[in-house]
Amino acid sequence: MKKIQMVDLKGQYEEIKETINASVLNVIESTAFINGPEVHNFQKNLEDYLDVKHVIPCANGTDALQIAMMGLGLEPGDEVITADFTFAATVEVIALLRLTPVLVDVEPDTFNIDIDAIKKAITPKTKAIVPVHLFGQCANMDAIMEIANEHNLFVIEDNAQAIGATYTSGNGTKAKAGTIGHVASTSFFPSKNLGCYGDGGAIFTNDDELAHTIRGIVNHGMYRRYYHDVVGVNSRLDSIQATILNTKLSRLDEYNNRRKEAARKYDEAFKGQEHIVTPFRNGADDNHVFHQYTLKVKNTNRDALVQHLNENGIPCGVYYPVPLHNQKAYQDERYNEADFTVTNQLVKEVISLPMHTELDDEQIAFITNTIIEFVNG
Ligand SMILES: *Cc1c(COP(=O)(O)O)cnc(C)c1O
């Protein structure tokens, strides 16, 4: 059996090696390293793929979130509601901009931000909601947009984990994740569903004026060369990453399909297992692109299972082991443990299995058999 990896970047590279190597060499020969034609091509290709008016590439997914918030003109003291159960980058940039993060609980089945918890957290200071499409599954955007419209709030989708997912709204309309709110961010970190070979990120929006503002912010607040109208940042996607992303974007649907196929095989193998809860699908099949395949284990020592898997050569991950409201940097006396019952439980039960485009049946069988034996043992 091939060695099992959490993410098999090498296996994926082998398949596209010739194209990637030639395109990277081309960029080097051209010496157009910054803002070269490949960056522009990628921007256009991603706009077409997502069916969104504006893609603004930037240096990473954390910057993308920060820049989106800067572009909306949020001000210190404005409250921004986001999920307690996500990667820290989401809350980090809120705090960094001196906005006030308001963490709320998530749903026990989808792991995504809880709609009633959002409603409960809204105050006159609330300015924005940041849903995270966690593990590749779209949050309940119908309900989130409805709340946002009612209270005049911005919606910033953190789409770092769900690029290529398609959200089907209650009225049947379909839209790519990241094109539904006012603005969205994504990450091209190597292990993401669309990953480059270094750091990268992008912001998406259908709002022309916001796109213009953001294009200036990513470039030192310049709208005319050497005239700085606003305080900006330096955040760029480089041409080498862009050319790699162009190759991989043309395969993104196939890559996501392979992830979904692996997820189906995992589901099948765990069928009927009383200690294992397989990932819940909220709606249509293309609503979830399985950035992670995350189980909840019941009546099982999760940490002992992690150790057992590692001892058997099976990498796995615990995303995330600590609720954000309990992280030293983000504690706030206004939080009440009773408002975070779901997240507090999830951090003890979740385990993410190897998930990538190169998993084969033999590996999946070995992984699932090892887990099933352990939880029943
Ligand atoms: C990866 C990730 C980010 C940050 O992306 P970077 O490119 O690593 O800065 C932000 N939010 C979520 C939910 C992520 O998974």
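J.: Would you explain the overall build of the chain in this entry?
T.: When you go through the chain residue by residue, the secondary structure sums to twelve helices and 14 strands. Relative to a compact globule of 377 residues, whose C-alpha radius of gyration would be 21 Å, the chain shows 21 Å and is just as compact. Principal-axis analysis of the C-alpha atoms places the extent of the chain at approximately 70 × 55 × 40 Å. Residue pairs in contact within the chain that sit at least 24 positions apart in sequence constitute 73% of those at least 6 positions apart. A total accessible area of about 16500 Å² is found for the chain, and carbon and sulfur atoms account for 49% of it. Positive and negative side-chain charges of the chain, numbering 33 and 51 respectively, have mean locations separated by a distance of 2 Å.

J.: Where do I start with the site of the ligand in this structure?
T.: Near the ligand, the surroundings consist of Asn 60, Gly 61, Thr 62, Thr 86, Phe 87, Ala 89, Val 132, Asp 158, Ala 160, Gln 161, Ser 187 and Lys 192. The contact in question runs from an oxygen atom of the ligand to an N or O atom on the backbone of Gly 61, over 2.8 Å. Between an oxygen atom of the ligand and a side-chain N or O atom of Ser 187, the distance comes to 2.7 Å. In isolation the ligand exposes 380 Å². Once the protein is present, 91% of that is buried.

J.: Would you mind going over the pattern of salt bridges with me for this structure?
T.: Between side chains of opposite charge, a pair can form as their charged atoms come close. Under the defined criterion, the tally for this structure stands at 18 salt bridges. For the salt bridge of Arg 258 with Glu 254, the shortest nitrogen-to-oxygen distance reads 2.6 Å. One end of the pair, Arg 258, and the other, Glu 254, are both in helix α9 (residues 252-270), four residues apart, so they sit about a helical turn from each other. For Arg 281, the salt bridge goes to Asp 267, with nearest N and O atoms at 2.5 Å. Remark: Asp 267 occurs in helix α9 and Arg 281 occurs in the loop between β12 (276-277) and β13 (293-297); sequence separation between them is 14 residues. Of the residues examined, Arg 281 reaches a relative accessible area of 29% and is grouped as partly exposed. A network of salt bridges, in which partner residues are shared, links Glu 15, Glu 254, Arg 258 and Glu 358.

J.: Looking at this structure, I do not really get the pairing of strand β2 (residues 79-83). What am I missing?
T.: Regular strands place their side chains on alternate faces of the sheet. In terms of residue burial, β2 counts as a mostly covered element, since five of its five residues are buried. Two elements, β2 and strand β3 (residues 100-104), share five bridges in a ladder whose sense is parallel. Opposite Val 80, over in β3, you have Pro 101 as the bridge partner. Read from β2 through helix α4 (residues 89-96) to β3, the crossover connection turns out right-handed.

J.: Explain the packing of α9 against helix α12 (residues 361-376) to me, please; I cannot follow it from the model alone.
T.: The relative placement of two packed helices is expressed as an angle between their axes plus a distance between the axes. Two elements in contact, α9 and α12, have axes whose closest approach is 10 Å; the angle formed by their N-to-C orientations is 35°. Both α9 and α12 take part in a crossing whose hand is right-handed. Seen from α9, the contacting residues are Ala 262, Lys 265, Tyr 266, Ala 269 and Phe 270; seen from α12, they are Asp 361, Ile 364, Ile 367, Thr 368, Ile 371 and Ile 372. For the contact of α9 with α12, a count of residues per class yields eight nonpolar, one polar and two charged.

J.: Help me understand the domain arrangement of the chain in this model?
T.: A common way to express how large an interface is: the accessible area buried when the components associate. Assigned domains of the chain: these are domain 1 (9-104 + 111-249) and domain 2 (252-375). The distance between the C-alpha centroids of domain 1 and domain 2 comes to 24 Å. With 42 residues of domain 1 at the interface, the matching set in domain 2 holds 35 residues. Of the roughly 3300 Å² buried between domain 1 and domain 2, counting both surfaces, carbon and sulfur atoms make up 53%. Across the contact surface, domain 1 and domain 2 share three salt bridges. Here Arg 258 ties to Glu 15 by a salt bridge, and the two come within 2.8 Å at their closest N and O atoms. On the surface where domain 1 and domain 2 come into contact, there are 22 residue pairs in polar contact (both at pLDDT 80 or more).

J.: What's the story with a nonpolar patch on the surface in this structure? I'm lost.
T.: On the surface, Leu 25, Ile 28, Phe 33 and Ile 34 cluster together into a nonpolar patch covering about 360 Å² of accessible area. Following the sequence through the fold, Ile 34 ends up in the loop between α1 (9-30) and α2 (37-50).

J.: Explain the nonpolar core here, please?
T.: Where a protein is soluble and globular, its nonpolar side chains tend to be buried together. Ile 81, Phe 85, Val 104, Ile 118 and Ile 144 are the most contacted members of the largest nonpolar core, which has 37 residues in total. Elements with a minimum of two residues in this core: β2, β3, α5 (115-121), α6 (141-151) and α11 (341-349). When residues of this core are assigned to domains, at least three fall in each of domain 1 (9-104 + 111-249) and domain 2 (252-375). Excluding residues within four positions of it along the chain, Ile 144 makes contact with Ile 113, Ile 115, Ile 118, Ile 129, Pro 131, Ala 139 and Val 155. Counting residues in each nonpolar core, the second largest holds 24 residues, with Tyr 266, Leu 295, Leu 305 and Ile 367 among its members.

The rules behind each value
- Residues numbered from 1 in each chain as written.
- Predicted model: local features only at pLDDT ≥ 70, side-chain atom pairs only at ≥ 80, totals over all residues.
- Heavy atoms only, no water.
- Helix = DSSP H or I, 4+ residues; strand = E, 2+ residues; numbered from the N terminus.
- Rg over C-alpha atoms; globule rule 2.2 N^0.38 Å.
- Contact = heavy atoms within 4.5 Å.
- Areas by Shrake-Rupley, 256 points an atom, 1.4 Å probe, with all protein chains shown as cover.
- Lys, Arg positive; Asp, Glu negative; His and termini not counted.
- Charge placed at Lys NZ, Arg CZ, Asp CG, Glu CD.
- Near = heavy atom within 4 Å.
- Polar contact = N/O pair within 3.5 Å; in protein donor to acceptor, adjacent residues only side chain to side chain.
- Salt bridge = Lys/Arg side-chain N within 4 Å of Asp/Glu carboxyl O.
- Buried < 20%, exposed > 50% of the residue type's maximum accessible area, 1.4 Å probe, protein only.
- Pairing = 2+ DSSP bridges.
- Right-handed = clockwise from strand over helix to strand, strands pointing away.
- Axes fitted to C-alpha atoms, helices over the stretch in contact; angles between N-to-C directions.
- Left-handed = near helix turned anticlockwise from the far one by under 90°.
- Nonpolar A, V, L, I, M, F, W, Y, C, P; charged D, E, K, R; others polar.
- Domains from an automatic or database assignment.
- Buried area = accessible area lost by both parts, 1.4 Å probe.
- Patch = residues over 30% accessible without salt bridge, like charges linked within 9 Å, V, L, I, M, F, W, Y side chains within 5 Å.
- Core = buried A, V, L, I, M, F, W, Y, C linked by side-chain atoms within 4.5 Å.

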